[in-house]
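Descriptive structure summary
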Amino acid sequence: MSTTATIDLNGAAPSPTLVRRGGGAKRWARALARFAVRKPLGAIGGVIVVAMLVMALFAEHIAPYAYDETIRGARMKPPSAAHWLGTDNLSRDLWSRVVYGARVSVTVGFATIALGIAVATAIGVSSAYFGGAYDLVLQRVVDAWLSFPYLVIILSVMAVLGPGRLNLIISVAIIAAATNSRVIRGAALTVMQSQFVEAARAMGCGHARIILRHVLPNVTATIIILATIGLGAVILAESALSFLGFGVPPPYPSWGAMLSGSGRTYMFRAPWMAVWPGVAISLAVFGFNMLGDALRDVLDPRLRGTR
Amino acid sequence: MLKRYLARRLVIAIPSLLIASVIVFTLPRLIPGDAVQLMLAETSYAKDIDELRAKLGLDRALPVQYAEWVAHVMRGDLGESLWTRRPVLDELAHRLPVSAELALYATVIALAIALPIGVLAAARQDSLADYVARSVAILGLSLPSFWLATLLIVMPAIWWGWRPVTGFTDLRQDPVGHIVQLLLPAAILGIASAAALMRLTRGMLLEALRQDYVRTAQAKGLAQSVVVVKHGLRNAVIPVITLLGTQLPLILGGTVVIETIFGLPGVGRFLFDAINQRDYPVIQGVNLLVVSTVVLVNLGVDVLYGVLDPRIRY
């Protein structure tokens, strides 16, 4: 009897889950098609995101040249059939560099958001679950973090850690964790008030079981939305830091870094050097923002206005 | 009543400020030892590593260091720059007005763009204008400010031979030139905030326009503009003001990039240079100043609620 009760109560999830289990390819395709019809801008965002992921994964096959390959007699050539986006001051093909640059944005972006959201979930869910003094103290620390301008705190952390890819990921993830923990805490608080959590507690479930089996699955939609929108913000932050010289060291191309240094020195003579990396950043961030917005509307309209 | 509310808000703000001060204080103390050595080699600030550690106050127990630091800060002593040897407070006093002005203009520009467009998009929901406004807003959130700044410097120069003024014009020497040179950087700084504010204005106004009192106002035969502005907007504006408070850290953070690109002698540029030179007392001073500003502004925002919405009683 008690088993049936648990199953029934578990089924009464307060927020819609992403895709019901046991679907198969057809169901996925139908869900995707419906999403594209209902949210055309979100679908465009999704296409941009997928294109960026493909560029990052298969850069060697897509880029006509290596990112550091100098091409004889092609110094600062404007865009042409041979070099779609032109070449830079070191005679390198800009299209190839933009393609390889997607790799930095994608790896730094995903690693940062994975770390940031994991910490945010730990803070948010535990804060909502345990409440009391623990919640009060933790939230004041989050308050303090949030009152720092993100670029200021990231740069300060980078000053301590030194430049480089890993340190960039850690310092941006700290900010992502603080910002997102607030929203996840809010979502977890709502779940905590559900009857199935009360029932689980009444049945003698331990803290770990209630958190992992009952609370966490019901804030997954929130987490997915935050991660998608957060990826745009993280890519923007990464490019700003690379622009300021705190990112991945050259010659490996990162979109932000391509806009600083030689991109700025030669921009009056070869403006395409200053244009394309920026277009790539804007498109990528635009894609994630559009997709995240649409996902939010479809999965959890309560989150409207959180950003 | 207001006094009691203010006191309660201060009680919440003070722990945040204290924790922030601990963060500000701890950061430079996490520097690996070789960085101190590097600083020694770069700055010739002290004879040997022991003297440098003593000068930076790194040679005592951490709680003692913190207490001493707070005591100094209370007296207005933020230490001196390792490079210029000038008191950090003096340097900040020079640079703060530039950044404050920049942030103020950026906020005004953001509101001037966001409110009318947000209202228009909500009043004509799902029209072409709404669609365009929403897409442009997401685009505005996606454009990196440093790229926009670069384009706005490069393109007019190439197309029309026009370049923005380089070098800083002081307010006392040429007030008009001073303000004009800040407008472009401020506009770039304000664009992302304008987009966020516009989206929220639209969303909140749409919700307000669905209320019964709006239907009543329309039934009374009031002009639609009066309904939207007097009945809708007034009730939608509170969350927008809150967001404005949370946008301040973004705008202040943005000054680092914008001041560096446009060569403006503000606090953001100061911080950027300090980080490149590992000038820890300056980094600490700027962080403390910025974080205190943000906490105070958010306190002000909370108080502003009561003025804007008489329903909120403290």
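Residue numbers run consecutively from 1 along every chain, following the written order of its sequence. Written order determines the labels here, with chains lettered from A and ligands numbered from 1. Whole-chain, interface and lining totals are the exception, using all residues; otherwise, since this is a predicted model, local features are given only for residues with pLDDT of at least 70 and side-chain atom pairs are given and counted only at 80 or more.

1. Structural notes on the overall build of chain A
Elements are defined by DSSP. Helices are runs of H or I of four residues or more, strands are runs of E of two residues or more, and each kind is numbered from the N terminus. Along the backbone of chain A there are 14 helices and zero strands. Of the regular secondary structure in chain A, the N- to C-terminal order runs α-α-α-α-α-α-α-α-α-α-α-α-α-α. Looking at chain A residue by residue over its 307 residues, the buried ones come to 47%. Contacts spanning at least 24 positions in sequence make up 71% of the contacts within chain A whose residues lie at least 6 apart. Buried means a residue has 20 or more other C-beta atoms within 10 Å of its own C-beta, exposed means 12 or fewer, and partly exposed covers the counts in between; C-beta atoms are placed from the backbone. Each residue gets a C-beta atom placed from its backbone, and two residues are in contact if those atoms lie within 7 Å.

2. Digging into helix 5 (residues 88-123) of chain B
Over its 36 residues, helix 5 of chain B extends 50 Å from the first C-alpha to the last, a length consistent with the 52 Å expected when each residue adds 1.5 Å. Fitting axes to the seven residues that end at a residue and to the seven that start at it, the angle between those axes gives the bend at that residue. Along helix 5 of chain B, the sharpest kink reaches roughly 35 degrees, centred on Arg-95 of chain B and followed within four residues by the proline Pro-97 of chain B. One less than the residue count of a helix, multiplied by 1.5 Å, gives the span that helix is expected to have.

3. A closer look at the interface of chain A and chain B
Each side of the interface is counted separately: chain A has 38 residues, and chain B has 43 residues. Among the elements of the structure, helix 6 (132-146), helix 7 (150-161), helix 11 (220-243) and helix 14 (272-299) of chain A are those that each provide at least two residues to the side of chain A that touches chain B. Examining the composition of the side of chain A that touches chain B, we find that nine residues originate from one element, helix 14 of chain A, more than from any other. Grouping the constituent residues of the side of chain A that touches chain B by class yields 25 nonpolar, eight polar and five charged. Residue polarity follows a fixed list, in which Ala, Val, Leu, Ile, Met, Phe, Trp, Tyr, Cys and Pro are nonpolar, Asp, Glu, Lys and Arg are charged, and the others, Gly among them, are polar.

4. Some thoughts on the domain arrangement of chain B
All names here are of chain B. Throughout, the edges of the domains are those of an automatic or database domain assignment. Assigned domains within chain B: domain 1 (1-82 + 278-314) and domain 2 (94-266). Contacts between domain 1 and domain 2 engage nine residues on the former and nine residues on the latter. Classifying every residue of the side of domain 1 that touches domain 2 gives seven nonpolar, one polar and one charged.

5. Digging into the environment of Ala-110 of chain B
Residues and elements named next belong to chain B. Structurally, Ala-110 can be placed in helix 5. Sequence separation between Ala-110 and Leu-184 is 74 residues, and the spatial gap between their C-alpha atoms is 13 Å. Not counting chain neighbours up to four residues away, the residues in contact with Ala-110 comprise Gly-190, Ser-193, Ala-194 and Leu-197.

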